[in-house]
Amino acid sequence: MLSLLVFLPLVAAIVLAAVPRLGDAAARWLWLAVAAAEVVLVALVWARYETPTPGRLALDEQVQWIPGVRSSYHVGVDGLSLPLVAMTAVVFLACAVYSLKEARRPRLHAALLLFLQSVSLGLFVSADLILFFVFFDLSIVGMYFLIAGWGHVNAARSALQFFLYTFLGSLALLVGFIGLYVYADPHTFDMVELIAANPLAGHGLAGGLVLAAILLGLAVKTPTVPFHTWLPPAHTDASSVGSAVLAAVLLKMGTYGFVRIAMPMLPEAWRAWAWLIIVVGIVSVLYGALVALAQSNLKRMVAYTSVNHMGYVVMAVGAAGLVASDTASARGIAVTGAVTEMVSHGLITAALFLLVGTLHQRAGTYEMADFGGLAHTAPKLAGLFAVGAFASLGLPALSGFIAEFQVFTGSIAVAPVTAIALFGILITAALFLRALQRVFTGGLHGRSVGFADLHPREVWSTGILLGLSLLIGVYPAPLLAVIEPAASAVVTLLGR
Amino acid sequence: MRPLLLLPEILLFVGGLAALMGGSFLPRNRQWVTRVVAAGALVASIAVSAAGLTGAPTAAFEGTYAVDTATGIARIAAALGTLLVLGIAGDELAATARESETYALLLFATTGTIVLAGARDLLVLAVAFFLASIPLYGLIGMVRTPRGAEAAMKTYLMGALFGIVLLLGVTLLYGVTGATLHADLAQRLAAAPPAAVAAGLLAVVAGLLFEAGGVPAHFWVPDAAQGANGTVATFLTTVPKIGAMVALYRFVSVLPDTVDWPLLIGVLAVLSMTLANLAAYWQQDPRRMLGWSTVSQVGFLLVPIAVATRSDLALPSLLLYLLGYTVTNVAAFAVTTALPDARDLSDYRGLSRSRPWLAASLLVALLGLVGTPPTVVFVGKLTTATAAWDGGMAWLTLAVFVNSLISLFYYLRWIIPAFSPAGVMAMAGAQSDEHHAAALRVPGRWSSDTAVAAALLSVGLGLAGGLVWAIVSGPLLT
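Since this is a predicted model, take the numbers as computed values, not measurements.

Cut-offs applied
Residues numbered from 1 in each chain as written. Chains lettered and ligands numbered in written order. Predicted model: local features only at pLDDT ≥ 70, side-chain atom pairs only at ≥ 80, totals over all residues. Heavy atoms only, no water. Buried < 20%, exposed > 50% of the residue type's maximum accessible area, 1.4 Å probe, protein only. Helix = DSSP H or I, 4+ residues; strand = E, 2+ residues; numbered from the N terminus. Pairing = 2+ DSSP bridges. Salt bridge = Lys/Arg side-chain N within 4 Å of Asp/Glu carboxyl O. Contact = heavy atoms within 4.5 Å. Buried area = accessible area lost by both parts, 1.4 Å probe. Polar contact = N/O pair within 3.5 Å; in protein donor to acceptor, adjacent residues only side chain to side chain. pLDDT = per-residue confidence, 0-100.

Chemist: Any details on the pairing of strand β2 (residues 71-77) of chain A? Residues and values, ideally.
Modeler: All names here are of chain A. Of all 7 residues in β2, 7 are buried, a share of seventy percent or more. Side chains S71, Y73, V75 and V77 of β2 all project onto a buried face; the interleaved residues S72, H74 and G76 project onto the opposite face, where all are buried too. Taken together, the 6 bridges between strand β1 (residues 58-66) and β2 define a ladder with antiparallel strand orientation. From the neighbouring strand, I66 faces β2, where its bridge partner is S71. Connecting the antiparallel pair β1 and β2 is a turn made up of 4 residues, with R70 showing a positive phi of about 50 degrees.

Dropping the structure here:
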């Protein structure tokens, strides 16, 4: 079941890449059909999912791969990965709808995005460190070609920077994985076994170094301050779909690694370093928000809000490491909030990037100063962007609120100082309201004149994403019911 | 005696003789027959070696020659590498004046490298060293260009020097132990004076590093890779390393703890990787860049040797890496021989549009050399780095990954133009555009097919990593 989910897009990608005779139209519709089938498959997986007992994974499949180093093709889902798998499938479906009019080499574009979908889904269901790394590395290669091949002006340069920077991160990650392998007895790369083994318990220095390597790898990918510098140029020069996938899915690979690998496998070192992680989180929140506030380029602004939102996640998982006897439930809430934030940010940011992309596509610029009163000519765009902006700044009844509410409830209960990060929400609210005001309200001027409103495919693609965000905001219970058991399991593992 | 144990080597040598003799009697336009003969010998040799892998490890010729998993994999890797090289030769050498001689020398050198891998005696090792290296001088000098002559001269002088150094080392070790057989050395070296052992060790290692093309005996590699013809460049950066590395593994395994040989090998590994990576970055000629890249790969190959006696993963990871390196490196070189006129990295721009399969092979080969999954070199690099840490040399693991990152910089200098549209960098004027169009016009069919096949092998062996691992971790003669 999970293997089908992971490899169906890859098969479609190979077919698209290898058969040039498929026309452009056929390529677009094949992509859409596969993306839709993936969403159906995810729904089936969700329906069949039952919360596994702690230390196990649901729907798992295992085939030997390199038995010499005890690495296997092992996949499975639990409450941490299933929501991200679902979010990934939805985001890629939205991208497929949005790209129905892609004019630049649509066949290869579809193939590349299907490849990326396979890789992303594969990463989230991986239960083996090497398998995880394989998908992690391939996601970098795929995204490099997406930025370089379909990006804007400085795409080649930004793509290169992205490649080198995140490749550095991935190698650091691999060093950490080998460390886990070497200290585990018996040696293994299997995540489930490693979590049970807690291999570096009692190795203070080595545990710290292994965690440092893994954190470096994940922090580059997430990205957190000070490793975020690749993100703004990559987003600015990527195509809309590229930005949406990068922000919604690829960034989650970093934060997912925290809850899947770093926290349960290195609990001792995580507890020792928890304060550093919290500080990095808070700094990311505030710095990301402040720099976003200073942007005049709308897309760059949205990009920096990603740094801000990922900061909440990092802060929450850091706070979960401050183990004290009476705070287990608060720390559980923090981790639940962190996972919810990953899903929520994925949906909202993907929608925002797709919407912002229409500006460049029609007017050739992202500069806020070039627009004004756009709500007159493009009311649908204005409406959807407003919903996205409010969702992003954490307005109740949208998913961002559910996530951030839990992040702060959990974090402040454990570490009151994290309340500083509340300023991040304030600044985000200010910058989104200011952007709405500058671009959409006021007198009609600049590039807003004659601006064509959204096409149905653009409305639908972003509508799916924002509709889901609204659904989670209004009725989060089914999602939280999946996440909460897994989050409390992580907290228990951290207490070892 | 049991000479039949050496059937794979005999097949190759006889195949080489047959190509040499047959070539004298064939007209130039029918010299391809000798290529078929050579390929037949290689295929037969691979088949016999593969069948031999199932047998128990034995020693041939009074214990001087090992027939075990390490030899078996070296036989297969070397013959497979040479077979792929013959594929490249189909474009470049067909109906040229030195065709059959080239095939004969290729087979002799392949035999030499295999004997080097199986040697369990320092004198056999020395003989194999010369059998493997002397054909190289002739092969490099086969092109009559000033560059080729310079490269041949350089290789010859370096080879003569390091051959003597190797013999000196063998003499020294014999002098302090009275033995050349590995099994005897293992017993007697511990009691020998450490200074003499260290000197002998240095000399033997230096000789083998010439054959492998690693620091400090690497100076001939970039010149030869650039100056020789494509077929030869591919061969000499790929196949000799197999024998040299396995021989080095066998040699260090008998050394006593009185000398800190793991540190020596570890330092040489880091030097090879780092110096070659830094040198490769500045190259404009893709073959010269690949030449430096192969020097850095020797550094990676030395990592498992440094932990030869400390980690169970060392030998399987070395053999797996050798196998993976062979197919991946051939794939990269085959792309350059498919486009013989593209001798500058910028000539490759637009390749992905005009020759998508060739560009895809190039991508797989270069990212494979970096160690990107799911190619087989990734599996090799992973197990190699794991072996290093497992053997207590975590700093080597770190060096492997730092150098992988550095190597990405120069491989990308090649990948980026290949995947950019032809027009993007077209600022150099009309004349260079014409040259550029000519450089990519007619890819050689044999080389293109070899590149695609080798790239597919590289990915396929990686995906089948478990199976390959099971084969390379077979029994070893101790």
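Chemist: How would you sum up the pattern of salt bridges? Please name residues and give values.
Modeler: Residue and element names in this part refer to chain A. Within this structure, the stated rule accounts for 12 salt bridges over all chains. Salt-bridge contacts for R260 lead to D78; the nearest nitrogen and oxygen are separated by 2.6 Å. Taken together, the residues span a long stretch of sequence, with R260 in helix α10 (residues 240-265) and D78 in the loop between β2 and α3 (82-98) at a distance of 182 residues. On the accessibility criterion, R260 (7% relative accessible area) is buried. D78 gets classed as buried once you look at its relative accessible area, which sits at 9%. Residues participating in the shared-partner salt-bridge network are R362, R457 and E458.

Chemist: Describe the environment of V402 of chain B, listing the residues and the values that go with them.
Modeler: All names here are of chain B. Examined against the element boundaries, V402 turns out to sit in helix α17 (residues 394-418). A relative accessible area of 45% places V402 in the partly exposed class. It is 15 Å that separates the C-alpha atoms of V402 and V298, two residues lying 104 residues apart in sequence.

Chemist: Tell me what's going on with unusual backbone geometry, and back it up with residues and numbers.
Modeler: Between D185 of chain A and P186 of chain A the backbone carries a cis peptide bond, its omega angle lying at 0 degrees. Its location among the elements puts P186 of chain A in the loop between α6 (155-183) and α7 (191-197). Geometrically, the link from P373 of chain B to P374 of chain B is a cis peptide bond, its omega value of 0 degrees lying close to zero. Checked against the element boundaries, P374 of chain B lands in the loop between α15 (356-370) and α16 (376-390). One non-glycine residue, F61 of chain B, lies in the positive phi region at around 55 degrees. The topology assignment puts F61 of chain B in the loop between β1 (58-60) and β2 (65-67). One non-glycine residue with positive phi stands out, namely A95 of chain B, at about 60 degrees. Its place among the elements puts A95 of chain B in the loop between α3 (69-92) and α4 (99-118).

Chemist: Just give me the short version of the side chain of T224 of chain A, but keep the residues and values in it.
Modeler: All names here are of chain A. Mapped onto the elements of the fold, T224 is located in the loop between α8 (204-221) and α9 (231-237). For T224, a relative accessible area of 3% translates into the label buried. Setting aside residues up to four positions removed in sequence, T224 forms contacts with A219, V280, S284 and V314.

Chemist: Let's hear about the interface of chain A and chain B: which residues, and what values?
Modeler: Counting from both sides, the interface comprises 30 residues of chain A and, opposite them, 34 residues of chain B. At the boundary of chain A with chain B, total buried surface from both sides reaches about 2,700 Å², with 85% on carbon and sulfur atoms. The largest per-residue losses of area from chain A upon contact with chain B belong to W65, L164 and I178 of chain A, which jointly make up 19% of the total buried on that side. The interface formed by chain A and chain B includes 0 salt bridges. Between the two partners, chain A and chain B, sit 3 residue pairs in polar contact (both at pLDDT 80 or more). The element best represented in the side of chain A that touches chain B is α6 of chain A, accounting for 13 residues.

Chemist: Could you give an account of the confidence of the model for chain B, naming the residues involved and the relevant values?
Modeler: Residue and element names in this part refer to chain B. Across chain B, the average pLDDT comes to 91, with 96% of residues at 70 or higher. Confidence, read as mean pLDDT per element, is least for helix α18 (residues 430-439) in chain B (56) and greatest for helix α12 (residues 286-306) (96). In the model, residues 424-431 has pLDDT below 50 throughout and makes 5 contacts with residues more than four positions away in sequence or in other chains.

Chemist: I'd love a proper account of the side chain of S133 of chain B, names of residues and values included.
Modeler: Residue and element names in this part refer to chain B. You can see S133 is positioned in helix α5 (residues 122-140). The exposure class of S133 is buried, given its relative accessible area of 0%. Excluding its chain neighbours within four sequence positions, the residues that come into contact with S133 are F210 and E211.

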